[in-house]
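# A look at the structure
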Amino acid sequence: MHDVHLAVAILVLLGVLTTLPRAIGGPTLMDRILAVNVIGTKTIVLLALVGFMQVDLGVSKGAAVGDYERAGFWLDIALAYALINFIATIAVLKFLERRVRERDGADAS
Amino acid sequence: MTETPSLIVRYVARRAVPFIQLYALYVLGHGEDGPGGGFQGGVIFASSFVLMGLVYGWGRGREDCPERVADVIAPAGCLLYAGIGAVCLLLGGAFLQYEAFVGVDADHHAKHHAHHFGLIGIELGVMLTVTASMVTLFFEMARPDDEEVADGVAEEVDAEGEDADA
């Protein structure tokens, strides 16, 4: 299972790499926000996969096959990352919304 | 007070808040044998208030944790931390030596339990202080101007706004 998890992790990493130009180059701010959000989501999957790879390592060293408790730390971090990522996106969008509103208000007056 | 127009964002935020708070308590409780502890749990707990403030507007978010409550909770957490240490001192141990709760002659098992509960107690103190401080920091930095509160602007930002930002 270790190879499968490693392959999936590399694929996800490739997905992150393909989103990276969009996050850096834009062209619009919305593209960047979406790209950063996608990278954040993929990071959660990566964290979970690294956790499972640790389980695989334990299995290869003689632990029970269903010993997913070792992945617990990584899943905890992934969960926290998911929650914080959501709030960060909301905050950036809120900031953007306010900026648009202020600029429109300045145009109107 | 501005309110996020999107029903989806409001719904998701409202559903997410109890889970964020539950997760914060989990992080607090598993600080000994997992990633986390009082500080991390406090930050995650505070993030739920930040989310409410962001989505439902400053005033509604501040209602959940008013200034008076936050100003009491922050020092109360410090007091809990220092208080547990002081109780250990009074019981004849060193500062924060939790074994003093059960006495020097207690068996290993009881000492272990005393250590656990003492640790959870001071972590709870840290969590209370961190939560109140983070909430205060966020809401004081995000405090809207007075005229903005009076205006009560809730304009809808639609797709035009996205294009204009290019």
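Keep in mind that what you see is a predicted model, and the values were worked out from it rather than measured.

Within chain B, the secondary structure is distributed over seven helices and zero strands. Listing every helix and strand of chain B by position from the N terminus yields α-α-α-α-α-α-α. Within the span of chain B, comprising 166 residues, buried residues form 34% of the whole. Partitioning the contacts of chain B with sequence separation of at least 6, the portion at a separation of at least 24 is 65%.

As a further point, take the overall build of chain A. The number of helices and strands found in chain A is three helices and zero strands. Burial analysis of chain A (109 residues in total) assigns 13% to the buried set. Of the contacts formed within chain A by residues at least 6 apart in sequence, a portion of 61% connects residues at least 24 apart.

Moving on to the nonpolar core. Within the largest apolar cluster, 39 residues are counted, with the highest numbers of intra-cluster contacts made by B:A24, B:I44, B:A46, B:L51, B:M127 and B:V135. When contributions to this core are tallied by element, the ones reaching two or more residues are α3 (72-108) of chain A together with α1 (7-29), α2 (38-56), α4 (67-90) and α5 (108-141) of chain B. Not counting residues within four places of it along the chain, the set of residues in contact with B:L51 comprises A:I87, A:I90, B:A13, B:A16 and B:V17. Listed in part, the seven residues of the second largest apolar core include A:L46, A:L49, A:F52 and A:W74.

The next subject is the confidence of the model for chain B. Residue and element names in this part refer to chain B. In the predicted model, chain B carries a mean pLDDT of 78, and the fraction of residues at 70 or more is 81%. Confidence, read as mean pLDDT per element, is least for helix α7 (residues 159-164) in chain B (42) and greatest for α4 (89). Ignoring residues within four places in sequence, the model shows residues 150-166, a span with pLDDT below 50, making 20 contacts including any to other chains.

Here B:D71 shows up in helix α4. For the pair B:D71 and B:T136, spaced 65 residues apart in the sequence, the C-alpha separation amounts to 8.2 Å.

Another point: the packing of α1(B) against α2(B). Residue and element names in this part refer to chain B. Put simply, α1 and α2 touch, their axes get as near as 8 Å, and they point 170° apart. Considering their axes alone, α1 and α2 lie roughly antiparallel with respect to each other. You can see that α1 and α2 cross each other, and the crossing is left-handed. Residue-level contacts link V9, R10, A13, A16, V17, I20, Q21, Y23, A24, L25, V27 and L28 of α1 to G38, Q40, G41, I44, F45, S47, S48, L51, M52 and V55 of α2.

Attention now moves to the environment of A:G26. Residue and element names in this part refer to chain A. Inspection of the secondary structure assignment puts G26 in the loop between α1 (2-25) and α2 (29-60). Along the chain, G26 and A7 lie 19 residues apart, while their C-alpha atoms are 29 Å from each other. With sequence-adjacent residues up to four places away left out, G26 is seen in contact with D31 and R32.

Below, the discussion takes up the environment of B:V135. Residue and element names in this part refer to chain B. Structurally, the position occupied by V135 is in helix α5. When the C-alpha atoms of V135 and G61 are compared, they prove to be 9.8 Å apart, with 74 residues separating the residues in sequence. Those residues in contact with V135, other than ones at most four positions away along the chain, are A46, F49, C65 and A70.

This next bit is on the packing of α2(B) against α5(B). Residue and element names in this part refer to chain B. One can describe the packing of α2 onto α5 by two numbers: an axis separation of 7 Å at closest approach and a directional angle of 35°. The two elements α2 and α5 cross, and the hand of that crossing is right-handed. Taking contact as the criterion, the partners of G38, F39, G41, G42, V43, F45, A46, F49, V50 and G53 in α2 are, on α5, E123, L124, V126, M127, V130, T131, M134, V135, F138 and F139. Looking at the contact of α2 with α5 residue by residue, the classes come out as 14 nonpolar, five polar and one charged.

Reading the values: rules and limits
- Residues numbered from 1 in each chain as written.
- Chains lettered and ligands numbered in written order.
- Predicted model: local features only at pLDDT ≥ 70, side-chain atom pairs only at ≥ 80, totals over all residues.
- Helix = DSSP H or I, 4+ residues; strand = E, 2+ residues; numbered from the N terminus.
- Buried ≥ 20, exposed ≤ 12 C-beta atoms within 10 Å, placed from the backbone.
- Contact = placed C-beta atoms within 7 Å.
- Core = buried A, V, L, I, M, F, W, Y, C linked by C-beta atoms within 7 Å.
- pLDDT = per-residue confidence, 0-100.
- Axes fitted to C-alpha atoms, helices over the stretch in contact; angles between N-to-C directions.
- Parallel < 35°, antiparallel > 145°, perpendicular 65-115°, else oblique.
- Left-handed = near helix turned anticlockwise from the far one by under 90°.
- Nonpolar A, V, L, I, M, F, W, Y, C, P; charged D, E, K, R; others polar.

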